[in-house]
Every structure is written in structure tokens, then in C-alpha cells.
Amino acid sequence: MRTIIILILYVILTIISIPAWLIEFIIRAINPMAAAKVAQVIVKGVFNLVMFVSGCKKTIIGVENIPTDTPVMYAANHRSFYDIILAYATVPNQTAFISKIEIKKMPCVAQWMYFLNCQFMDRGDVKQNLQIILNSIGLIKAGYSVYIAPEGTRNATDTLLEFKEGSMKIATKGKCPIVPVCFHGTEEIFENRLPWIHSGKIRIEYGKPIYPDTLDKETKKHLGSYVREIVQGMYDEGK
């Protein structure tokens, strides 16, 4: 039943979104940041509604750890599609997500992601991946935070995949702190129950920010591994 309700909600929101997109295009032409802020308020509201309908009992930890005076790069483990829903409902700053390019084909979702300055990464195209990293650095410098899952794909095991070192350049070149993010239980809402959505407990935890410029040379050289160890520790402790 929850799955059917979500599908109906998706269709309704797609129809309602059409006039909203026209307004967003006008605002974006005048003030891109203002358009992104309006879009994020709308997306947050919709995602909170989706979690409510899905029966998600969410726990949010460590929001106070997120710096509010500077853009940040969020580096998270990735267990489920519901990671993005929970993250966007809780991030306190203007944030652009890096997503797989397949999401760009989803009606309604892709258009709102465009207004949020999200980037679509083709994991099989190295040159395109580099451009996405450069775009993300530009977003950081323009005042947007950037959210990335450095594992590069969903992984619902207890051991995180390696964090791709190239993703860390967003923080080092953008000169911003890294906020480690850890998800628990999100895969139990959908992926582990295919094709139906089930209620359950989900949790997001924001760790203390990491400032790359304060790290020693060797740690900075393997920054992805360093951040991964922190997120893995958050996962093990929270499990």
C-alpha cells in the first residue's frame, strides 16, 4: 500500500511541479542562488512527506557539527535511495548533490535537481567525472555546499568501499571543510524489501568537520582513506 501511495504522490507532484518550474526558471534567470533556495525548501518539504508516507522513523544526530559560516563537502556512505531523501531533508545549508547520471532520466526528480545545481556523474566516463569535480569546486567557491558519496555506488554491507581520492579534491581545491556523514538502516525501507516499501527506523549522523589544511602531508595524500576510516568508525559505533 505504501508503494502505491508513493507512486500516486509522484504523479501528483510531477503535475503540480510544472507551473512551479516556470516560476523557478524566471527566478533563476534573475538570481540563481535564490532559485536554489526556493527549490531546496520545496524539496525538503516533499522529502519529509515521502518519509512520513513511507513510515520512516528517522533519527538525526550531529547537525550542530555542520559549519554554518562556510560551504562544506559532505562525504557519506551510501546504502539506499532513501539516503538522498533523508540527507536533503536535514542539511541546513544550500547543497548540491552529486548523483549518478541515470537519475537524470527520472521525470520531475531530474528537473528539481537541476534547480538545486546537482551534478550528474557518468561513472564510466573519466573525462566527464573530472568535469563534475571541477564543476563542484566551482559550486563550493560560489557558496554552495556539495554532497558526495565517495564509495561511488550503493553498498549495504557493514564494510565501506574505498573512498575515491579524486572526490576529495572538491574540498582541497575548494578550500572547505569535509563533514563526514553516516547512514544506518535506509536500505531496509526499500532495497532489501523490493518491490515494496516498508516502514522502519533510519538514521543519519553528521560527524565533526575535517579541515584538510590542518592535516599533515601524509594524511592529506590519502585523504579519502582518512575520511573513510572516520565514517566507518561512525557506522561501527552506531550499529
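In this text the structure is predicted, and so the values were computed from the model without any measurement.

K.L.:
Please give an account of the overall build of the protein chain that cites residues and values.
P.N.:
Within the protein chain one finds 8 helices and 7 strands. The C-alpha radius of gyration of the protein chain comes to 17 Å, within 12% of the 18 Å expected for a compact globule of 239 residues. If you line up the protein chain on its principal axes, its C-alpha atoms span 50 × 45 × 35 Å. A burial count over the protein chain gives 49% of its 239 residues as buried. Taking all contacts inside the protein chain whose residues are at least 6 apart in sequence as the whole, residues at least 24 apart take part in 73%. With 27 positive and 21 negative side-chain charges, the protein chain shows a spacing of 5 Å between the two charge centroids.

K.L.:
So, the side chain of glutamate 24: which residues are in play, and what are the values?
P.N.:
Following the sequence through the fold, glutamate 24 ends up in helix H1 (residues 2-30). Buried charged residue glutamate 24 carries no salt bridge. Nearest counter-charge: arginine 28, at 6.5 Å. Among residues more than four places away in sequence, those in contact with glutamate 24 are Ala35, Val38, Ala39, Trp112 and Phe115.

K.L.:
Describe in detail the pattern of salt bridges, supporting the description with residues and values.
P.N.:
Counting across every chain of the model gives 5 salt bridges. In this structure, glutamate 187 and arginine 79 form a salt bridge, with 2.9 Å as the shortest nitrogen-oxygen distance. Of the two residues, glutamate 187 sits in the loop between strand E6 (178-184) and strand E7 (200-206) while arginine 79 sits in the loop between strand E2 (73-76) and helix H3 (82-88), which places them 108 residues apart along the sequence. Residue glutamate 187 shares its accessibility class with arginine 79, and that shared class is buried. One salt bridge connects lysine 220 with aspartate 213, and the closest N-O pair in it is separated by 4.0 Å.

K.L.:
Give a detailed account of a nonpolar patch on the surface, specifying residues and quantitative values.
P.N.:
There is a patch of nonpolar side chains on the surface, built from Met1, Ile4, Ile5, Ile8, Ile12, Ile16 and Trp196 and spanning about 730 Å² of accessible area. Residue class for isoleucine 12 comes out partly exposed when judged on its relative accessible area of 42%.

K.L.:
Go over the side chain of aspartate 83 with me, naming the residues and quoting the values.
P.N.:
The residue aspartate 83 is located in helix H3 in this model. Here aspartate 83 sits buried without a salt bridge, and the closest side chain of opposite charge, arginine 79, lies 6.5 Å off (N-O distance). In this structure the side chain of aspartate 83 is engaged in a polar contact, spanning 2.5 Å, whose partner is the backbone nitrogen of arginine 79. Within the structure, the side chain of aspartate 83 is placed 2.5 Å from the side chain of threonine 186, a separation counted as a polar contact. Every residue in contact with aspartate 83, bar those within four places of it in the chain, is listed here: Asn77, His78, Phe183 and Thr186.

K.L.:
Hey, could you go over the nonpolar core for me, with residue numbers and the actual values?
P.N.:
Ranked by size, the top nonpolar core spans 39 residues in total, and within it Tyr74, Tyr88, Val181, Phe183 and Tyr206 carry the most contacts. Going through the elements one at a time, H1, helix H2 (32-54), E2, H3, helix H4 (109-115), E6 and E7 are the ones with two or more residues in this core. In terms of nonpolar packing, the next biggest core, distinct from the first, is built from 29 residues, Ala75, Cys176, Ile178 and Leu215 among them.

K.L.:
Quick rundown of the packing of aromatic side chains? Include the residues and the values.
P.N.:
Enumeration according to the criterion identifies 9 aromatic pairs in this entry. Between tyrosine 88 and phenylalanine 97, the ring centres sit 4.1 Å apart and the planes meet at 15 degrees, which makes this aromatic pair stacked. Among the aromatic residues, ring-to-ring pairing joins Phe47, Tyr74, Tyr88, Phe97, Tyr147 and Tyr206 into one connected group. Sitting above the plane of the tyrosine 114 ring, arginine 28 keeps its charged end 4.4 Å from the centroid.

K.L.:
Requested: an account of H2, with residues and values cited.
P.N.:
Compared with an ideal rise of 1.5 Å per residue, which puts 23 residues at 33 Å, H2 spans 32 Å between its outermost C-alpha atoms and is within 8% of the ideal. Among the residues of H2, those classed as buried are Ala35, Ala36, Ala39, Gln40, Val43, Phe47, Val50, Met51, Val53 and Ser54. Buried positions along H2 lie against H1, strand E1 (56-61), H3, strand E3 (95-100), H4 and E7. Its side-chain oxygen placed 3.2 Å from the backbone nitrogen of methionine 33, asparagine 31 serves as the N-cap of H2. Directly beyond the C-terminal end of H2, a positive phi value near 80 degrees is found at glycine 55.

K.L.:
Which residues make up the pairing of E3, and what are the values?
P.N.:
Most of E3 is tucked away: 5 of the 6 residues are buried. Bridge analysis of E3 against strand E5 (residues 145-148) gives 3 bridges, and the strand direction is parallel. Counterpart to alanine 96 in the pairing with E5 is valine 146. The pairing of E3 with strand E4 (residues 119-121) spans 3 bridges and is classified as parallel. Paired with lysine 100 across the bridge in E4 is methionine 121.

What counts, and where the lines are drawn
- Residues numbered from 1 in each chain as written.
- Predicted model: local features only at pLDDT ≥ 70, side-chain atom pairs only at ≥ 80, totals over all residues.
- Heavy atoms only, no water.
- Helix = DSSP H or I, 4+ residues; strand = E, 2+ residues; numbered from the N terminus.
- Rg over C-alpha atoms; globule rule 2.2 N^0.38 Å.
- Buried < 20%, exposed > 50% of the residue type's maximum accessible area, 1.4 Å probe, protein only.
- Contact = heavy atoms within 4.5 Å.
- Lys, Arg positive; Asp, Glu negative; His and termini not counted.
- Charge placed at Lys NZ, Arg CZ, Asp CG, Glu CD.
- Salt bridge = Lys/Arg side-chain N within 4 Å of Asp/Glu carboxyl O.
- Patch = residues over 30% accessible without salt bridge, like charges linked within 9 Å, V, L, I, M, F, W, Y side chains within 5 Å.
- Areas by Shrake-Rupley, 256 points an atom, 1.4 Å probe, with all protein chains shown as cover.
- Polar contact = N/O pair within 3.5 Å; in protein donor to acceptor, adjacent residues only side chain to side chain.
- Core = buried A, V, L, I, M, F, W, Y, C linked by side-chain atoms within 4.5 Å.
- Phe/Tyr/Trp six-rings, centres within 6.5 Å; stacked < 30°, edge-to-face > 60°.
- Lys NZ or Arg CZ within 6 Å of the ring centre and 35° of its normal.
- Expected span 1.5 Å × (residues − 1).
- Pairing = 2+ DSSP bridges.

Distances and angles like these do not, on their own, reveal function.
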